[in-house]
Every structure is written in structure tokens, then in C-alpha cells.
Amino acid sequence: MNKKIACIILAAGKSTRMKSGTPKVLHPVCGRPMLEYVLDLTEQLCIKRTVAVLGFKHAEVRKYLRAGIKPVIQKRLLGTADAVKTGLSALKGFQGTVVILYGDTPLLKKETVKKLLDYHIQGNADATLLTATPEKCAGYGRILRDKYSSIAGIVEEKDADDFQKEIREVNTGISCFNKKSLDAVLKNVRPNNRKKEYYLTDCISLLYKNKGLIDGIKLSDIDEAMGINSRVELAKANRLMQSRINEEFMKHGVSIVDPATSHIAFGTRIGQDTVIYPFTVIERNVKIGKCCSVGPFARLREGTELCDNVSAGSFLETVRSKLGPKTLAKHFGYLGDSRIGSNVNVGAGTVVANFDGKKKNLTAIGDRAFIGSDTVIVAPVKIGRGARTGAGSVVTRDVPAGETVAGVPAKAFKKRRGKR
Ligand code: UD1
Ligand code: CA
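Here the structure is a predicted model, which means the values were calculated and not measured.

**Student:** Before we move on, can you summarise a positive patch on the surface with the specific residues and values?
**Tutor:** Among the surface-exposed residues, R17, K158, K165, R194, K195 and K196 lie close enough to one another that they form a single positively charged patch. According to the relative accessible area criterion, K196 is exposed, its value standing at 63%.

Have a look at this one:
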């Protein structure tokens, strides 16, 4: 991508409408802070200079910025124009196109930003807006056009009159500016509006008055540029992102019996011919091999790895655990901090007690072990290859390979003749 493109990501906002102590841009969408999706865009488009404008709880947000992204702090949240001005302070000497992205629009696709940038650069415009005509316009700024149908300004909903509120074309916020033209008008923005804020959107009417060239392209899929301001919109974004993720898996040979009830975090890896049954929750950092069966009603938490041909059945919860090839855990249970080998049978109701009240402890279960129903494994414990536990045992000590234990606490049941 062109060296003459810089990006400013606006992410300083508080989360007034979210009613939250967490910065809005860190609220997760499919298991990942919404800001990360926006950071992906600048990475995918290879934009060399990116500035992130941070404000509310900036130390927290900063942790998510990647190498090469420069944070600048907006001291007082005076509005989007002030935020851009703050961002520009890190782009001194830069000339070219500035693309503005909002940290609260995680559904935006790189193809769309690319199209906007190309259009802006080819048209040599002072500003190019990404607009849309959604079913519900509530909350968005409306695009004002003159009698020649040229963009003449943007009016925020709070400041719009009844006539303007009827306008169906809205501002997505995503925009490109010629840096020089932006500099020229930004300083003239005044907080003459209901919110008493400096609006970036006012730059458009200022450019228009200066006889600047303002262009726009219309987005066909409004969902893509949806700004998330409330918990209701957050839930909607989750739903939309989830269907994108699930469709991608299905395209790559994963069966999802009921996509609407399968929550699979962004970044999950799932192999071909695996079947995900309904009401399954797969959290972030989970890897699933080929030909596995997951759910219904399974919850695979962070750090779970299922090798090929594993069955993780109904009401199973796993966390930080690896299940080796062909291991079956088909019925309810809890497996935490466990390394389980191949061909292990984990009986119904098996619980790994990984937490002793102070710390999490590890459990290792060797290949071909057979864990009887309702076994409680009190970690740290090692269960050897081919060992067996009787139904209802409480295993508090290591079980040698091939040995059978049973009871509470579990004791050697019967030694195998010849070898241990
Ligand atoms: C903004 C646009 C509106 C558009 C909508 C699209 C303005 C004035 N309005 O409204 O026309 O239809 O987005 O979603 O731009 N931010 C800062 N510093 C600030 C204020 C905001 O960094 O001082 C950041 C926020 O974190 C957010 C983004 O800017 O990521 C947009 O701010 P927000 O308050 O959500 O603007 P909207 O009211 O949604
Ligand atoms: Ca917004």
C-alpha cells in the first residue's frame, strides 16, 4: 500500500451509552476486543503509519496496540474533531491521505476500506465519505446534499430538524481526507451543537464552503459499518460476526448443525469433518482437530486442544487441557489443566479437581487409560498408560501404568500379573 496513506483510529471514547467501566473499544465481539478487528484492517491494508487516539483508561487500551501503531492521548474527550486533531499531532510532516477509522466499528471489511481509499485517491478529493442507507438511521449523522446532489455537510441526529431526520443516507464515520485540506478546516470547527463537542463531521460543511471537492461512496451492506454504542448493538454485532465466523468454518468443511446456537470465538481452529452440535460455546484460543465431535451443550474454554477424532460430548467443560487422538469424553464432566493421551476413555461425570483453593494443579493421563464414571481426580496427579479407575473413585495419588484403582481415596484394586 501507498506510503502516502496514514490512518487515525479513534478510540478515546468513554462508554457512556454502554454504561460500563470498561472502555467501549475493549468490549469483546466473539471473544475479542472490538478494537482488534479495526487494528486488523490497518495491518491487512499494510498502512505504514497508524495512530491510535486513546483517552478513557488509555493504559488499558494501549496493551492491545500492535508494533508500529503509535498511541496518542486525547486529554479531554472534546469530540471526534478534537480526537483527529490529537491524532494529527503524531503525523507532523506527513502529506497525503488520512483515513479515519472508528474503534467501535468492528464489522468493517478491508475490501470496503480499500475501495474507499482507491476512490478517494483516484478522484483527488479533499474528503471522501463512506455512507449508507440503513433500515434504521437512529444515532447516525445524516448526509446533507445540495441541489446538484453533491455532499454539502453532515448533521448529527441530535442537532437535526424533523426534515433532516427523514434523510435516509447516513454517515458511517469512515472517511478519507487530504491531509492539507483537513488541516485547513479542522481548526475552524466550533462546538456549536447540542453536545457542545467538536465534531469531525463539521469539517465537511467547512470544506464545502471552501469549494472543496467532497465525494462519497455508498455501502450496500450497512451492517458492515455499524457503530457500536450500546449493549444492544454489541449483541447484534456479536451475532453478525458469529455468522461470518461460522460460515467460514462451514466453507472449510466443518459441520455446524445449528449455527445460531454455536458460539465459536474468533481465531478458533477447527479441522475438516468435525461436527459442532447445538448449544456449544467455544472460547478463545481453542484448537480442534479433524473428525471431532463437540457438544451438544459443550463448553471448551481457553487453552483447550482436541486432537483428531476426539469426542467432547454433552455438558463437558474443558479449560487449558489437551485431549489426545481418539480420546472420548462423551458425557458431562470437567477437565481442567489436564494432559490426556490418546484412546483414553473419560467416563461420564469425571471431574478433575484442579484447584486446591490456592493454585491450579496439573493432571496427566496416559494413553489408553480408562477413567470410570464419576471419578474425581484430585490434582496434581498422574494416571499411567492403560491404568483404570473404578466408578466413583477419588484419585488422590499417582496411579502406575496398567494399574487399577478404586474407592475413596482410590487404592490399588488388583495388580496385573507380571508387570507393573
Ligand atoms: C459518529 C459520527 C456520526 C456517525 C457515527 C457512525 C461525529 C460527530 N459523529 O457519531 O456522524 O454517523 O459516528 O458510527 O463524528 N471518540 C474519541 N474522542 C472523542 C469522541 C469520540 O476518540 O472525544 C471516538 C470514540 O471512541 C468512537 C468514535 O470516536 O470510537 C466515534 O465516537 P462516538 O461518540 O461513538 O460517535 P457517534 O455519536 O457514534
Ligand atoms: Ca459510535
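**Student:** Explain the packing of aromatic side chains to me, and be specific about the residues and the numbers.
**Tutor:** Per the stated rule, a full pass over the model turns up three aromatic pairs. Taking the centre distance of 5.0 Å and the plane angle of 5° together, the rings of F297 and F315 count as stacked. Of the two residues, F297 is situated in the loop between β18 (293-294) and β19 (299-300) and F315 in the loop between β21 (311-312) and β22 (316-319); the sequence distance between them amounts to 18 residues. The exposed category is assigned to F315, whose relative accessible area is 53%. The lysine or arginine in question, K360, covers the ring of F355, its NZ or CZ lying 5.6 Å from the ring centre.

**Student:** Report on the sheet that holds strand β32 (residues 381-383), specifying residues and quantitative values.
**Tutor:** Taken in spatial order, the seven strands of this open sheet run β14-β17-β20-β23-β26-β29-β32, and their pairing is parallel. Of all the strands in the sheet, the pair left with one neighbour each is β14 (269-270) and β32. In this sheet, strand β20 (residues 305-306) lies alongside strand β17 (residues 287-288) in parallel orientation, the contact comprising two bridges. Within β20, the residue paired with I288 across the bridge is L306.

**Student:** Describe the coordination of the calcium ion (ligand 2), with residues and values.
**Tutor:** Distances from the calcium ion (ligand 2) to its protein donors, D104 (OD) and N229 (OD1), fall at 2.4 to 2.5 Å. Taken together, the positions of D104 in the loop between β6 (97-102) and α4 (110-123) and N229 in the loop between β11 (214-219) and α8 (231-251) put the pair 125 residues apart, joining distant regions of the chain. When its relative accessible area of 11% is taken as the criterion, D104 is described as buried. Residue N229 is classed as buried on the basis of its relative accessible area, which comes to 16%.

**Student:** Describe in detail the site of ligand 1, supporting the description with residues and values.
**Tutor:** Surrounding ligand 1, one finds 24 residues, the nearest of these being G13, Q74, T80, E156 and N171. Separating a nitrogen atom of ligand 1 from a side-chain N or O atom of Q74 is a distance of 2.7 Å. With respect to ligand 1, the side chain of Y102 contributes an N or O atom lying 3.1 Å from an oxygen atom. Relative to its free-state accessible area of 750 Å², ligand 1 is covered by the protein chains to the extent of 93%. The residue makeup of the shell around ligand 1, split by class, is nine nonpolar, eleven polar and four charged.

**Student:** Requested: an account of helix α6 (residues 179-186), with residues and values cited.
**Tutor:** Taken together, the buried positions of α6 are occupied by K179, S181, L182, V185 and L186. Down the axis of α6, the smallest arc covering the buried residues is 160°, so these residues share one side. Here the buried face of α6 lies against α3 (80-88), β6, β10 (170-178) and α7 (202-209). A side-chain oxygen of the first residue of α6 lies 2.9 Å from the backbone nitrogen of K180; this N-cap is N178.

**Student:** Give me the lowdown on the domain arrangement of the protein, citing residues and values where you can.
**Tutor:** The domain boundaries assigned to the protein delineate domain 1 (5-225) and domain 2 (231-412). Taken together, the contact pairs 17 residues of domain 1 with 14 residues of domain 2. Together domain 1 and domain 2 conceal approximately 1300 Å² of surface at their shared face, both sides included; 63% is due to carbon and sulfur atoms. Summed over the three residues of domain 1 that lose the most area to domain 2, namely M18, C30 and L107, the buried surface amounts to 44% of that side. Our enumeration of links across domain 1 and domain 2 arrives at one salt bridge. Here D223 and K236 are joined by a salt bridge, their closest N and O atoms 3.8 Å apart. Taken together, domain 1 and domain 2 are joined by five residue pairs in polar contact (both at pLDDT 80 or more). Sorting the residues of the side of domain 1 that touches domain 2 by element identifies β2 (28-29) and α1 (34-44) as the ones contributing at least two each. Element by element, the count of residues in the side of domain 1 that touches domain 2 is highest for α1, at three residues.

How each quantity is defined
- Residues numbered from 1 in each chain as written.
- Chains lettered and ligands numbered in written order.
- Predicted model: local features only at pLDDT ≥ 70, side-chain atom pairs only at ≥ 80, totals over all residues.
- Heavy atoms only, no water.
- Patch = residues over 30% accessible without salt bridge, like charges linked within 9 Å, V, L, I, M, F, W, Y side chains within 5 Å.
- Areas by Shrake-Rupley, 256 points an atom, 1.4 Å probe, with all protein chains shown as cover.
- Salt bridge = Lys/Arg side-chain N within 4 Å of Asp/Glu carboxyl O.
- Lys, Arg positive; Asp, Glu negative; His and termini not counted.
- Charge placed at Lys NZ, Arg CZ, Asp CG, Glu CD.
- Buried < 20%, exposed > 50% of the residue type's maximum accessible area, 1.4 Å probe, protein only.
- Phe/Tyr/Trp six-rings, centres within 6.5 Å; stacked < 30°, edge-to-face > 60°.
- Helix = DSSP H or I, 4+ residues; strand = E, 2+ residues; numbered from the N terminus.
- Lys NZ or Arg CZ within 6 Å of the ring centre and 35° of its normal.
- Pairing = 2+ DSSP bridges.
- Donors = N, O, S within 2.8 Å, 3.2 Å for Na, K, Ca; no water.
- Near = heavy atom within 4 Å.
- Polar contact = N/O pair within 3.5 Å; in protein donor to acceptor, adjacent residues only side chain to side chain.
- Nonpolar A, V, L, I, M, F, W, Y, C, P; charged D, E, K, R; others polar.
- Arc of directions from axis to C-beta.
- Contact = heavy atoms within 4.5 Å.
- Domains from an automatic or database assignment.
- Buried area = accessible area lost by both parts, 1.4 Å probe.

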